[in-house]
Every structure is written in C-alpha cells, then in structure tokens.
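# Topology and contacts: notes
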Amino acid sequence: MRKRLLVLSAALCLMFTACKPYDTGAERDFYAMNTIMSVTVYGRGAETCADEVQQRINKLDKLWSVTDEGSEIYALNSSGSAAVSEETAELVKFALRIADRSGGALDPTIYPVLKTWGFTTGEYTVPGADELARLTELVDHQKVTVSGNTVTLGEGMMLDFGAVAKGAASDEAARILRESGIQSALINLGGNVMTVGSKPDGSKWRIGVKDPTGEGNIGVLSLSDCAAVTSGAYERYFQAEDGTVYGHIIDPESGYPVDNELLSATIISPNGTLCDALSTAVFVMGTDKAEELWRSWDGEEDFDMLLITKGGEAIITEGAAELFSLSNKSLTLKVVERQ
Ligand code: ADP
Ligand code: MG
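Quick caveat, the model's predicted, so the values are computed rather than measured.

### Regarding the site of ligand 1
Inspection of the region around ligand 1 gives 18 residues, with Asp160, Lys166, Ser231, Ile250 and Thr280 positioned closest. A distance of 3.5 Å separates an oxygen atom of ligand 1 from a polar atom in the backbone of Gly162. When ligand 1 is considered free in solution it has 560 Å² of accessible area, and contact with the protein chains removes 93% of it. Considering every element that reaches the shell around ligand 1, the biggest residue donor is helix 9 (residues 272-295), with 3 residues. Taken together, the residues of the shell around ligand 1 break down into 9 nonpolar, 5 polar and 4 charged.

### Points about helix 5 (residues 86-101)
Each full turn of the α-helix corresponds to 3.6 residues, which orients residues three or four apart in the same direction. The terminal C-alpha atoms of helix 5, which comprises 16 residues, lie 23 Å apart, in line with the 22 Å expected from a rise of 1.5 Å per residue. Regarding helix 5, the residues found buried are Thr88, Ala89, Leu91, Val92, Phe94, Ala95, Leu96, Ile98 and Ala99. Contacts made by the buried residues of helix 5 are with helix 3 (46-64), helix 4 (72-79), strand 4 (145-147), strand 5 (150-152), helix 8 (165-179) and helix 9. Where helix 5 terminates, the next one or two residues include Gly103, which has phi positive at roughly 60°.

### Structural notes on the packing of helix 8 against helix 9
Helix 9 packs onto helix 8 with a crossing angle of 165° between their chain directions and a minimal axis gap of 7 Å. Taken as axis vectors, helix 8 and helix 9 run roughly antiparallel relative to one another. Our pair here, helix 8 against helix 9, has a crossing hand that is right-handed. Here helix 8 contributes Ala165, Lys166, Gly167, Ala168, Ser170 and Asp171 to the contact with helix 9, which in turn contributes Gly272, Thr273 and Asp276.

### Things to note about the sheet that holds strand 9 (residues 217-223)
Taking strand neighbours across the sheet as the criterion, the 3 strands line up as 8-9-16 in an open arrangement whose pairing is antiparallel. Two strands bound the open sheet, and with one partner strand each, they are strand 8 (205-210) and strand 16 (324-326). Pairs of neighbouring strands in the sheet enclose a mean axial angle of 25°, with direction left out of account.

### Remarks on the pairing of strand 8
On a regular strand, one side chain projects to one face of the sheet and the next to the other, so that they alternate. Here strand 8 shows one buried face, formed by Trp205, Ile207 and Val209, and one open face, formed by Arg206, Gly208 and Lys210. Pairing of strand 8 with strand 9 involves 6 bridges; the strand directions are antiparallel. Looking at strand 9, one finds that Arg206 is bridged to Ser222. Turn length for the strand 8-strand 9 hairpin, with the two strands adjacent in sequence and antiparallel, is 6 residues, and the turn residue Gly216 shows positive phi of about 75°.

Cut-offs used in this document
- Numbering of residues begins from 1 in every chain and follows the order in which that chain's sequence is written.
- Chain labels run from A onward and ligand labels from 1 onward, assigned in the order the entries are written.
- Residues qualify for local features only when their pLDDT is at least 70, as the model is predicted, and side-chain atom pairs are given and counted only at 80 or more; totals for whole chains, interfaces and linings, by contrast, use all residues.
- Side-chain figures throughout are based on the complete set of non-hydrogen atoms in the structure, without hydrogens or water.
- One heavy atom suffices: a residue is near a molecule or strand as soon as one of its heavy atoms comes within 4 Å of it.
- For the purposes of these results, a polar contact is taken to be a pair of N or O atoms within 3.5 Å, where, inside protein, one atom must be able to donate a hydrogen and its partner to accept one; residues adjacent in sequence count only when each atom of the pair is a side-chain atom.
- Accessible surface is estimated by sampling points in the Shrake-Rupley manner with a 1.4 Å probe; for residues, cover comes only from the protein chains shown.
- What counts as a helix is a DSSP run of H or I of at least four residues, what counts as a strand is a run of E of at least two, and both are numbered from the N terminus.
- Residue polarity is assigned by list, with Asp, Glu, Lys and Arg as charged and Ala, Val, Leu, Ile, Met, Phe, Trp, Tyr, Cys and Pro as nonpolar; anything else, Gly included, falls into the polar class.
- In this scheme, a helix's expected span is set at 1.5 Å multiplied by one less than its residue total.
- Think of it in three bands: with a 1.4 Å probe and only protein chains considered, a residue is buried below 20% of the maximum accessible area for its type, exposed above 50%, and partly exposed in between.
- Whether two residues are in contact is decided by their heavy atoms: any pair within 4.5 Å suffices.
- For helices, the fitted line uses only the C-alpha atoms of the stretch in contact; every axis is such a line through C-alpha atoms, and the angle between N-to-C directions lies from 0 to 180 degrees.
- Under this scheme an angle from 65 to 115 degrees is roughly perpendicular, one under 35 degrees roughly parallel, and one over 145 degrees roughly antiparallel; angles in between are oblique.
- Crossing handedness follows the turn of the near helix against the far one: under a right angle anticlockwise gives a left-handed crossing, and clockwise gives a right-handed one.
- Two strands make a pair as long as DSSP finds a minimum of two bridges between them.

Set out below in structure tokens:
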C-alpha cells in the first residue's frame, strides 16, 4: 500500500513539474512606448522576473516619453538644459555616437520636425518647404553637449528617443533576466526583438522578418542571445489628401520622410540599442551608404543587416546569412561580404 502511494505521489510530482511554467512561460503583454510589448520568460522565477521587466520598461517609458510632462526628455526639451538620470545621459551619448557614425542619418534632435508633421500626436499635416527648411536648421546632433549628467541643447532644439528607446529597453530587460539566472526568454517590444538564450528545448528562437509590402513574413532568422530590429515606413505612416503616403522615419537633411529604394532594414546584433539605432540610420542612408557603413564598422560590437528593396532584393551581410532562411521566393537573396 505504502509503495503504491509512493509511486502515485512520484507520478503526480512528475505531472506537476511537467505542467509548471517551464512549458508555457510567464507571459506579459502590455502597452508602453506607444507600442504593444510582449515578454515571455521561462525557468525558475519566471513570473517575478516578467513582472520586474514590465515595471522597468514602464519606468523607462516615463523617463523618455516626449509627450509626458513628467519625463526627463520633456524637462530637457522645455528648458534646453537639464540634469538627467544616468540611464538617460548614457542613451543621449549613445545616440550621439551613432549620429556621428551614420553621418547624421540618425539624429536624436529630429523632434521639432517630427512634431510638426504630427507623428507624435497623430494630428498630421504636410509642412511647407519653407517651414521644413526653418525646422531642419534646428536639427543638429553636434550641438548637443553632455557634461556629467547634464544635457544641454542648442537654441530651440528638442530631443526624441523614438529611434532608440525600445532597443535600450530590450537591453535592460535582457540584463534583468540574465542577472536573475534566466536562460530562456523572448522579448518583443513592438517589433524590437531580443532573445535571451535559446528556446526552452535548446533550439534557437525563430524570429519572423515581416513582409514590408503585406501580410506575413519574408523569412525567418534563427537567433539565440541576439536582437533583431526592423525599421520601415510600413508600420507608422499617414496618407495625405492627395494620396501620398508619408512614413515616420525622417531624413534629417531634408526634413521629409525617407523615400529611397528601401522597404525595410533589419539589424542583427547582441546589442539591442545598437540594432534599434542602426535600423533607423540604415533606413535613412539607403543601400549603398549602409553597405559602406557595415564594411567600415569598427565599433566594439559588430552588427549584421538585412535590407529589403523595392526592386525585390533581400540583401544580407555574411554574418547573418547562415541565420536567415528566405521563404518569399519572389525576392532575390544577395549576400554581401566584407572581404
Ligand atoms: P519604430 O519606432 O517603428 O520601431 P524606428 O526605430 O526606426 O521605428 O524609430 C522611428 C522613430 O524614431 C520615429 O517615430 C521618430 O520618433 C524617430 N525618428 C524618425 N526619424 C529619425 C531620424 N532620422 N533620426 C532619429 N530619430 C528619428
Ligand atoms: Mg530604431
């Protein structure tokens, strides 16, 4: 009798462990940074860790929102100079570095232009050429200084972290999880994807790359401990009365939404902030300049990229080629080598 009971409890115990969150993961879906976020964490302590990540991202959203009157960015934009937290100062410095490296394609001081187009409020207008000429005068990352934790802008300038905040949040999320011993998690912050470890079964995470022209994916990236971030004009845009479609990524030189041969740019790197910053920069730069940037890259952290062009090409750099499987056979795959 006792033996039977033992067997029964052992079996129950096994069933119980099999049904624990190891299978389903602790999932949190929430809205932050103007997008839908989803965090799935596996392993011991998953529930607590998922909560911690959600709280941290909400806190960063409060620090970095351009529209929230309580945010550090709002304070900075209102006064032109402000003492900010360590994480904000670090992100300003990072954005300025990538602005430099990308020849100003990424420029965190784009906000006056972006605001006038209405991309932050949803009240869209097409500014006149004169107005845009005046506004682009206010866009110049070289006029931003960071001294200790004090950020100072030039006259009339304003900052926006829209191109880097989600990437930075994904790095923070991954850091929290890794420090808590989590070995498997998937973080999707509105298309900014970060993977921690591999899937619970040990295989790589399969990350779909969206078809920028319609529904579904054009292919899949197999990643572990790596981020993938896509920028394109297909997710946030508006259509003017004359039918013209304007995307939310602005060419800082002209003040107009980017309209080049690219449909989307995906950056792949373990550094999520770098992915986010470069996906925007590369989308602005276009294919040739982006390839040049990749070839001459000497940052301490490397990156790979996947560009989808209006001409039907999927251009991928060699480091990511073996991680990518193309399913949309109407695209021609071209692998770029560094030599
Ligand atoms: P998403 O927000 O869709 O993930 P991105 O990471 O490419 O896309 O960021 C686009 C956002 O970055 C815009 O909504 C805007 O806030 C800001 N932005 C637009 N153009 C630029 C630019 N050239 N440099 C820096 N930030 C930009
Ligand atoms: Mg970006």
